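Results of the structural survey
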Amino acid sequence: PCIPFFLSSSLPPLTHTMSTLGGVALVGGTRMVGWSAAALTRTLSETRCNFPPWLKPRRGHTGTPRGAAAAAWGGAANRRASSTRAEPAAEDSGLLHEHIQGAESVEDAHEIMFFSLRHAATVTIKEMHAFGAQKNNKRATLIAAQFLHEELPIRIARRARELKKLPHNLGEMPSIVEVRKLYEESFFRLRRMPCPKTNKMEEEFTAMLDNMMTQHNSVQQIVASGLQELNDHLATETRAGLYNPTADYDFGQFLDRFYLSRVGMRVLVGQHIMLHHPQEGFIGIIQSECQPAAVCKHAVDDAKMICELSYGVAPEVRLLGATDMKLPYIPEHLHYIFFELIKNSMRAVVERHGPDVALPPVEVVFAEGIEDIAIKISDKGGGIPRSGMDRLWSYSFTTAGGTAEKIERSKSGDKRPVMAGFAPGLPPS
């Protein structure tokens, strides 16, 4: 099949990005021609802004960077400001008296509920790049830490609340409970740490974020197990007539929101952490002159290694077109897209033609336009059966099979690489 995805001159906000796998985030979200699209920027403004819009204090507010919202909450974790809390919705009142991981009082339960009702700020990669490029790095990281101290609890609380409110008792599945408790613990860790006001406090806050990010690395595997549990549970409910997949709750949209939020948080935190560890050619995790073809070569090498371990052979991959183009982007995101799609192409080619014949090559074509960059991945692996087209963008759909067995192998500590069928499906790519 021919697999195109497009690189646009307009970057999406991090609230509209796609998912992450094992700590490697993927920016995207637009679906074009039946396939994923990753929107990238072509140029960055040469102007160095002292305060991008998402950090600029509003008039009448002194202190933390979220403006009026931050002022209402004082910006500091030890200032609860209970008098300013909004009342939770009546439908959620029962949640306040249930056990919440890390909550020490009913006030804590009110707090996480209140934060879950607030809206996350919109941040673009262009803004992060310009902000991180400032000469006064110490001041920039302190302001960014203050922003994260107020922003991250909102994003975490929203996900914890949604995990709790899943229908069909799915919120009580072991894997879902494990993820929700991790999010709740992270929320209270953030809220109980004072808002950074000095460079020393900022360093302590950054170390805590680094530790928290490491703890959340396991979420992808847990969610993979949860998807398998979800499929088994919904299959049982459908057979019993208790669940209508066309009219009932849309779990695909829930998973989209979950993954979008996860990648947004990891990009924000990863950018902040890497500003403390500068690398040549990078502003945080953003490479100023990222060359997609060079990233693709690394992804091809990784996919080839797994294919050879699984089948003994791997088809050649040819890079064609504008292979020398460069643009500001996060190379890890692009690597994830290339790796997953090329790995799928390799598997299809080997399984269709067999390991004992000359395999037709996989082709990756780079095309550079005035406003956009298009990258097309094509192979001669036979395509996707028509019967599976309507489920192509469904989470956990795979033509490889054996998902449950592969998840159990992973849980048991088996380090053998998995070529395909690990559960998330095509949407994260």
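Residues numbered from 1 in each chain as written. Predicted model: local features only at pLDDT ≥ 70, side-chain atom pairs only at ≥ 80, totals over all residues. Heavy atoms only, no water.

**Details of the nonpolar core**
In terms of nonpolar packing, the biggest core is built from 54 residues, with Val-179, Tyr-183, Leu-190 and Phe-258 touching the most fellow members. Secondary structure elements with two or more residues in this core: helix H2 (106-116), helix H3 (125-132), helix H4 (137-164), helix H5 (174-192), helix H6 (199-215), helix H7 (219-239) and helix H8 (251-274). Broken down by element, this core gets its largest block of residues, 11 residues, from H8. (Core = buried A, V, L, I, M, F, W, Y, C linked by side-chain atoms within 4.5 Å. Buried < 20%, exposed > 50% of the residue type's maximum accessible area, 1.4 Å probe, protein only. Helix = DSSP H or I, 4+ residues; strand = E, 2+ residues; numbered from the N terminus.)

**Some words on the packing of aromatic side chains**
Summed over the entire model, instances satisfying the criterion amount to seven aromatic pairs. For the ring pair Phe-114 and Phe-115, a centre distance of 6.3 Å and an interplane angle of 85° mean the geometry is edge-to-face. Across the pair, Phe-115 and Phe-114 agree in class, each one buried. Seen in terms of ring centroids, Phe-187 and Phe-188 are 5.0 Å apart; in terms of plane orientation they differ by 85°. Their pairing is edge-to-face. Since its relative accessible area comes to 1%, Phe-188 is described here as buried. The rings of Phe-114, Phe-115, Phe-187 and Phe-188 are connected pair by pair, giving a single aromatic cluster. A cation over an aromatic ring shows up here: Arg-118 above the ring of Phe-115, its NZ or CZ 4.9 Å from the ring centre. (Phe/Tyr/Trp six-rings, centres within 6.5 Å; stacked < 30°, edge-to-face > 60°. Lys NZ or Arg CZ within 6 Å of the ring centre and 35° of its normal.)

**Digging into the confidence of the model for the chain**
Taken residue by residue, the chain gives an average pLDDT of 75. The fraction at 70 or more is 68%. No element of the chain has a lower mean pLDDT than strand S4 (residues 30-32), which averages 28, and none a higher one than strand S8 (residues 317-321), which averages 98. This stretch, residues 8-97, has a pLDDT under 50; its non-local contacts, to residues over four places away or in other chains, come to 253 contacts. (pLDDT = per-residue confidence, 0-100. Contact = heavy atoms within 4.5 Å.)

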